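Tertiary structure, described
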Amino acid sequence: MKRKLSNLDEEESRFSNLLFNKSKDLAEKLILPGNDNEQNCKTCKVAWVDEDDETFDASIIPNTKSKTLYTEKLKQKYETLIGTPNWANLNRISKDEEDEEEKILRTVGHLKKTKTIGLPNKFLEVKYMPKINSETENEGPIISRIEFHPKIAVSLVAGQAGNVSLFTIGSDFNNKLHTFKLKKWSIHFAYFTPDGSEAIIASKKSNKFCVYNLVKAEPNLIQLPQPIKRAALFEMSFDGKYIAMTDGFEEVFLMCTASRELLRVFKNNTKVVSMTFNSGCNLLYCYGVQGEVSVWDLSTFKPMSKFYDQGCVTASCITTSPCGRLLATGSGEGIVNIYESSKLTTTDPIPLKVIDNLVTKITNLKFNATSEILAAVSHDYPNAVKLVHIPSYHVFPNFPKQSSNLNNVGVVNFSPNSGYMALGNNKNFASLYRLKYYKNY
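Calculation notes
Residues numbered from 1 in each chain as written. Predicted model: local features only at pLDDT ≥ 70, side-chain atom pairs only at ≥ 80, totals over all residues. Heavy atoms only, no water. Patch = residues over 30% accessible without salt bridge, like charges linked within 9 Å, V, L, I, M, F, W, Y side chains within 5 Å. Areas by Shrake-Rupley, 256 points an atom, 1.4 Å probe, with all protein chains shown as cover. Salt bridge = Lys/Arg side-chain N within 4 Å of Asp/Glu carboxyl O. Lys, Arg positive; Asp, Glu negative; His and termini not counted. Charge placed at Lys NZ, Arg CZ, Asp CG, Glu CD. Helix = DSSP H or I, 4+ residues; strand = E, 2+ residues; numbered from the N terminus. Buried < 20%, exposed > 50% of the residue type's maximum accessible area, 1.4 Å probe, protein only. Pairing = 2+ DSSP bridges. Axes fitted to C-alpha atoms, helices over the stretch in contact; angles between N-to-C directions.

Positive charge collects at one region of the surface, where Lys204, Arg230, Lys271 and Lys361 lie side by side. Mapped onto the fold, Lys271 is located in the loop between strand 13 (262-267) and strand 14 (272-277). Relative accessible area serves as the criterion here: at 43%, Lys271 is assigned to the partly exposed category.

This next bit is on unusual backbone geometry. The omega angle of the peptide bond from Gln226 to Pro227 is 10°, so this bond is cis rather than trans. Of note, Pro227 is situated in the loop between strand 9 (218-223) and strand 10 (233-236). A cis amide bond, omega -5°, links Phe399 with the succeeding residue Pro400. Note on placement: Pro400 falls in the loop between strand 24 (385-389) and strand 25 (409-414). Positioned with a positive phi, Cys281 is a non-glycine residue whose angle comes to about 60°. Within the fold, Cys281 resides in the loop between strand 14 and strand 15 (283-288). One non-glycine residue, Asn383, lies in positive phi territory at about 60°. You can see Asn383 is positioned in the loop between strand 23 (373-377) and strand 24.

A few words on the sheet that holds strand 1 (residues 126-129). Strand pairing in a sheet relies on backbone hydrogen bonds, with the paired strands running either antiparallel or parallel. Taken in spatial order, the 4 strands make up an open sheet running 1-27-26-25, and their pairing is antiparallel. The strands lining the two open edges of the sheet, one partner per strand, are strand 1 and strand 25. The average angle at which neighbouring strand axes cross in this sheet is 25°, direction not considered. As defined by bridge partners, strand 25 adjoins strand 26 (residues 420-425) across 5 bridges and the pair is classed as antiparallel. Bridging from a neighbouring strand, Phe414 pairs with Met421 of strand 26.

Below, the structure written as structure tokens:
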């Protein structure tokens with residue numbers, strides 16, 4: 001009895017040292033003395049002993065002298081004739097167990113993630129990036145245009161000071177590539193050509209427009225076609241084939257981008273305040289000051305249809321989605337109407353959705369590349385920016401943050417694959433945001 005108690009004391013002392021002594025070789029001490037697995041197995045007692053096993057001498061399989069070999073051959077013969085019974089299959093999962101497992105996975109959310117299709121509408125994951133033009137800050141003070149290059153991560157920033165700057169984006173600091181100034185210009189329009197070799201820039205106060213060659217870094221001023229005296233509106237089609245212009249009145253001039261040749265003159269009944277091409281570049285929508293939208297067919301150069309924007313008192317801006325399914329209008333009262341393009345066949349179509357979260361004039365509307373976000377901004381009020389989720393038409397509640405001070409935002413744009421969004425304000429800043437849902441530039 002004393003020897004047994006002594007052994008217990010030794011074991012208690014060993015585990016006490018193991019648990020409370022902060023030594024570096026803790027893992028080594030977890031190994032029991034004499035840890036040879038075969039020796040440990042020899043000391044273990046079997047749970048059941050059948051005395052008949054010693055006297056059993058049946059010769060089902062003859063000429064087998066070794067008892068171990070006899071047992072193995074007997075097992076093989078049984079499995080050959082009858083098969084392995086279900087109770088002996090240790091890896092078996094019953095049908096009921098499978099059904100129960102599926103039921104648990106369906107009901108317990110943290111065990112099985114639900115697959116989401118498209119951009120989630122509850123929360124927009126946004127990372128605030130360094131300002132695009134933090135190196136210059138001389139394009140404004142009002143930033144009137146921000147464009148993303150169609151091929152590489154480069155952004156163009158231009159404003160009322162007549163300065164045009166190109167920046168690389170996406171890193172901790174946006175490096176300036178080049179800056180040039182157009183004297184006595186207040187820049188209002190800028191577009192990259194689809195191949196990314198040129199940028200086309202225009203001003204409301206000039207009878208010329210600028211074609212900037214990105215390879216040679218050379219600006220070239222070109223006279224507007226006669227009889228256009230100035231470009232109050234200047235809109236380029238998505239494929240870069242056409243440029244539509246107005247001089248501030250009822251006429252719309254359609255020009256070929258490549259040849260700089262005037263193709264057609266469209267006459268509307270009212271003054272045009274905004275224009276947009278559809279995604280297929282075969283239609284031109286002209287938004288009249290009183291809310292009348294004229295649709296021109298560019299294959300025949302004839303009017304296709306007309307309709308009135310519902311509830312519009314003073315028209316402001318118009319845009320179409322890259323998917324070709326939606327058209328959005330913004331009014332001077334801060335109302336955004338979203339229509340389905342295929343249903344604009346009547347004179348008074350009903351909008352799919354009316355967005356009334358802004359109370360001042362809508363100065364810019366822009367769909368992202370996937371047509372999942374519609375951005376609406378108003379330059380007349382600070383922080384007046386709303387991002388609308390498509391197709392739920394919910395306004396994302398987390399952008400902009402309540403603590404943000406964006407000042408008066410007048411322009412918004414998205415990069416070609418929606419990885420970035422940019423906002424231009426009246427304080428010489430072009431803000432940049434990373435939309436985490438979209439993986440590419």
